[in-house]
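As a plain string of letters, each chain reads:
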2 protein chains.
Amino acid sequence: MKDVNVGICGLGTVGGGTFNVLTRNAALIAGRAGCNIRITRVASRRNRDDIDLGNIAFSTEIFDVVNDPAVDVVVELIGGYETARELVLAAVRNGKHVVTANKALIAVHGNEIFAAAEKAGVVVAYEAGIAGGIPVMKAIREGLAANRIDWIAGIINGTGNYILTEMRAGREFTEVLKEAQDLGYAEADPTFDVEGIDAAHKLTILASAGFGVPLQFDKAYTEGIASITPYDIAHAEQLGYRIKHLGIARRRDEGIELRVHPTLVPKSHLIAQVDGVLNAVLVDGDAVGQTMYYGPGAGDEATASAVIADIIDVARIVASESKLRVPYLGFVPDALENLDVLSMEDIQSAYYLRITALDRPGVLAKIASILSEHGINIESIMQKESEVKDGRIPVIILTHTVQERQINRAIEELEFLSDTDGPVVRIRAENFN
Amino acid sequence: MKDVNVGICGLGTVGGGTFNVLTRNAALIAGRAGCNIRITRVASRRNRDDIDLGNIAFSTEIFDVVNDPAVDVVVELIGGYETARELVLAAVRNGKHVVTANKALIAVHGNEIFAAAEKAGVVVAYEAGIAGGIPVMKAIREGLAANRIDWIAGIINGTGNYILTEMRAGREFTEVLKEAQDLGYAEADPTFDVEGIDAAHKLTILASAGFGVPLQFDKAYTEGIASITPYDIAHAEQLGYRIKHLGIARRRDEGIELRVHPTLVPKSHLIAQVDGVLNAVLVDGDAVGQTMYYGPGAGDEATASAVIADIIDVARIVASESKLRVPYLGFVPDALENLDVLSMEDIQSAYYLRITALDRPGVLAKIASILSEHGINIESIMQKESEVKDGRIPVIILTHTVQERQINRAIEELEFLSDTDGPVVRIRAENFN
């Protein structure tokens with residue numbers, strides 16, 4: 001297996017996450033990439049006590065990374081505009097592929113950077129800059145490439161969405177903002193987030209890739225959420241709408257709409273249900289219709305997930321000897337593991353049980369004791385006198401997670417009880433945590 | 001620009017959609033792919049009156065496509081197992097790349113097909129087989145490649161989800177199934193859909209790409225929705241859960257869980273809100289956490305969107321002269337269009353207006369008449385006597401879609417009225433249709 005050498009510039013939140021995930025999942029990532037992705041150099045203003053770099057070369061001078069002939073891929077995670085721009089352009093000039101999480105850089109200097117990279121024949125990838133861990137740029141640039149994209153609408157700033165979500169309980173903007181700052185969701189200077197500038201950076205990039213137009217951040221319209229009141233949120237709800245801070249880009253014959261502002265969206269639409277710090281991007285294409293991409297828009301490892309996906313994309317190009325960029329199942333054949341499929345008795349799940357019981361005293365206790373004997377804990381139980389019919393009453397139970405084997409044994413005993421009638425209805429339940 | 005020649009086998013629903021979208025969006029697709037994707041051959045048992053093939057070679061013998069030396073990419077859209085298997089293996093032997101929408105084929109014969117393709121050094125792509133137009137295989141094989149995928153849970157059969165959605169209104173399974181058949185959502189023999197076999201095909205593929213294990217369809221557990229009753233749906237709702245027909249794959253140290261069955265999911269989770277014939281796949285990765293991919297899981301052009309994305313992926317490899325598989329913004333630089341960003345006065349939107357009116361007769365009429373003069377139609381209006389305060393009352397209006405210019409002029413006049421007080425609150429609204 002070939003090696004692909006990565007140099008990381010910046011060891012902050014995302015830099016640390018990228019280092020940790022690349023290290024932790026090295027073997028799995030090699031199985032997917034078809035090569036070993038090695039971190040060979042790290043540069044950052046400060047080293048971090050909580051990260052063990054081992055024998056990886058460390059420097060406080062970030063340009064050391066782009067000047068290291070052994071580095072194949074430069075990962076720019078320093079943020080900001082001017083130094084990042086110089087760093088990326090220097091890397092490109094040196095023939096290195098670049099992966100960045102810096103949306104501000106791409107939105108503002110992307111046209112210049114892409115032109116330089118095109119000339120140098122290198123990749124500049126930026127998935128992590130838009131909606132964190134959600135692979136939405138890949139969806140737009142590749143997955144939806146057959147479509148004329150008509151519009152894109154996204155909740156692409158988690159801070160703003162968190163604030164609007166909390167305000168639905170009747171709380172004022174300033175109060176929730178302060179809480180968001182205390183929780184670390186919002187910066188001490190929250191302008192970038194709550195005024196929509198951060199979202200406009202992302203929207204600019206989404207629009208360009210969606211519509212095939214150059215980046216035009218300076219023409220994006222931004223309106224923040226500071227003037228939104230609980231009163232308007234409540235009245236929008238009464239009209240059947242929820243207020244979200246959306247980035248909206250729409251392609252029209254005369255030009256494109258590029259705007260970030262508070263927006264009423266129908267409560268019945270899936271995007272209205274995206275709450276808290278989460279992100280979602282809704283894309284409308286002429287062939288596919290509406291698709292939506294949802295997940296964490298920030299966070300060290302969530303953003304690192306996208307940074308590393310870009311690194312793997314580059315590595316699959318650099319290291320591949322054949323036309324097979326992505327292996328059939330996403331792993332090279334030798335990396336496939338012969339894991340068995342477990343029998344259903346071995347799976348783990350919570351369960352909804354409906355037991356038809358005879359309406360007599362003590363039945364509930366017997367049911368509970370059978371479940372308990374089989375190590376099954378009850379989350380909820382429901383039995384309503386109003387549902388008695390022909391001397392029978394349904395007992396509905398939601399269990400905690402157990403092995404299916406335990407449930408099967410318990411059901412056998414429950415059905416055998418003289419206090420129950422007919423088969424027990426069993427439906428599996430998932431809490432996704 | 002190079003040409004990449006495509007041969008389509010099968011001109012049914014998806015074949016027709018693929019033909020139509022490739023033809024309609026040819027220029028746009030060339031701008032994204034960096035080459036001209038030309039349909040040079042079509043084979044199908046029957047020709048279609050509603051599709052104009054022009055001078056494209058047509059044959060009723062599908063093997064003509066795989067034996068045509070000019071064809072670079074064979075698109076298998078005939079469905080079924082044995083003939084499709086022979087066709088794909090023949091294409092692979094002839095050194096052709098293959099794109100298929102056939103999940104049954106991949107789930108059952110994928111291991112054999114991928115081994116043959118690996119040997120021949122060709123791509124076999126199958127995005128369209130799983131969740132229709134949603135690029136979820138791309139997300140798993142590429143976008144989330146940094147992650148150890150822990151589990152995948154999906155609503156991956158639209159028919160089943162439609163039936164369960166309708167049953168929430170208290171209707172019985174058999175009644176809704178019949179309706180789904182009348183609407184064309186369900187086949188005359190609905191076994192594949194309602195028994196979970198179709199979902200198990202898709203889940204098998206999702207699990208293999210997620211966990212890096214060979215395809216093991218024969219070991220998947222399937223349980224259908226025919227035994228679900230409105231009674232259990234209602235009681236699950238009371239417990240805070242919704243019943244969905246999920247495919248669930250979970251990676252455990254001892255093996256993998258691979259199962260399709262009705263499942264209670266928390267109503268508060270986004271996947272519980274996915275209704276009707278739509279699909280959604282939820283993926284949990286160790287770095288990114290939970291991401292979800294949502295959209296149409298079937299339909300001629302939605303599925304074609306994924307088929308063509310795979311063709312473009314292949315074309316970007318075949319035609320690319322540099323390492324730059326995907327252009328920076330997803331379009332080759334020459335294809336970027338210099339479309340202007342429109343001024344906000346030129347955008348189109350619906351609007352929520354909150355006007356503080358003096359509580360006196362005739363004010364509402366004045367407001368309505370100003371809106372009407374500016375060509376603004378009202379969707380809803382809300383004014384509650386209980387909200388009168390200091391002689392003032394809020395009037396809340398939701399408009400139909402207009403130009404922002406119209407709203408701005410109307411607001412100027414509304415604020416100028418002696419019957420109103422203070423600025424008009426204006427929030428934009430989107431209905432996403």
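Before any of the text, the structure's been laid out above.
Residues numbered from 1 in each chain as written. Chains lettered and ligands numbered in written order. Predicted model: local features only at pLDDT ≥ 70, side-chain atom pairs only at ≥ 80, totals over all residues. Heavy atoms only, no water.

Section: the overall build of chain A
Helix and strand content of chain A: 14 helices and 17 strands. Structurally, chain A occupies a C-alpha span of about 85 × 55 × 45 Å along its principal axes. For chain A, the proportion of its 433 residues judged to be buried stands at 62%. Put simply, 69% of the contacts in chain A that link residues at least 6 apart link residues at least 24 apart. Carbon and sulfur atoms form 48% of the exposed surface of chain A, whose accessible area is close to 15,500 Å². Looking at charge distribution, chain A has the averaged site of its 41 positive side-chain charges lying 3 Å from that of its 59 negative ones. (Helix = DSSP H or I, 4+ residues; strand = E, 2+ residues; numbered from the N terminus. Buried < 20%, exposed > 50% of the residue type's maximum accessible area, 1.4 Å probe, protein only. Contact = heavy atoms within 4.5 Å. Areas by Shrake-Rupley, 256 points an atom, 1.4 Å probe, with all protein chains shown as cover. Lys, Arg positive; Asp, Glu negative; His and termini not counted. Charge placed at Lys NZ, Arg CZ, Asp CG, Glu CD.)

So, the sheet that holds strand β1 (residues 3-9) of chain A
All names here are of chain A. A sheet is described by the order of its strands in space; here 6 strands give the open sequence β3-β2-β1-β4-β5-β6, paired in parallel fashion. In this open sheet, the two edge strands, each paired with only one partner strand, are β3 (57-59) and β6 (124-125). Two elements, β1 and strand β4 (residues 73-76), share 4 bridges in a ladder whose sense is parallel. Note on β4: the bridge partner recorded for I8 is V75. Along the sheet, helix α1 (residues 13-24) contacts β1 and β2 (36-43); its crossing angle with β2, the most-contacted strand, is approximately 150 degrees. (Pairing = 2+ DSSP bridges. Axes fitted to C-alpha atoms, helices over the stretch in contact; angles between N-to-C directions.)

Digging into the packing of aromatic side chains
Enumeration according to the criterion identifies 9 aromatic pairs over all chains in this entry. Measuring from centroid to centroid gives 5.1 Å for Y328(A) and F114(B), while their planes differ by 5 degrees, and the two rings are stacked. Of this pair, Y328(A) sits in the loop between α12 (300-319) and β13 (348-358) while F114(B) sits in helix α5 (residues 103-120), which puts the two residues in different chains. For the residue pair Y328(A) and F114(B), the accessibility class agrees, reading buried in each case. (Phe/Tyr/Trp six-rings, centres within 6.5 Å; stacked < 30°, edge-to-face > 60°.)

What to know about the sheet that holds strand β3 (residues 57-59) of chain B
All names here are of chain B. Pairing within the open sheet is parallel, and its 6 strands lie in the order β3-β2-β1-β4-β5-β6. Either end of the sheet is taken by a strand with one partner, and the two such strands are β3 and β6 (124-125). The sheet contact formed by strand β1 (residues 3-9) and strand β2 (residues 36-43) spans 7 bridges and is parallel. Looking at the pairing, V4 lines up with I37 of β2. Sheet strands touched by helix α1 (residues 13-24): β1 and β2. Its angle to β2, the strand with the most contacts, is close to 150 degrees. Contacting β1, β4 (73-76), β5 (97-100) and β6, helix α4 (residues 82-93) runs over the sheet at an angle of about 175 degrees to β4.

Quick notes on the pairing of strand β11 (residues 278-285) of chain B
Residue and element names in this part refer to chain B. In terms of burial, β11 is a largely internal element, 7 of the 8 residues being buried. For strand β7 (residues 149-155) and β11, the ladder comprises 6 bridges, and the chain directions are antiparallel. Each bridged residue has a counterpart across the sheet, and for I152 the counterpart in β11 is V283. Connecting β11 to the next strand, strand β12 (residues 289-296), in antiparallel fashion are 3 residues.

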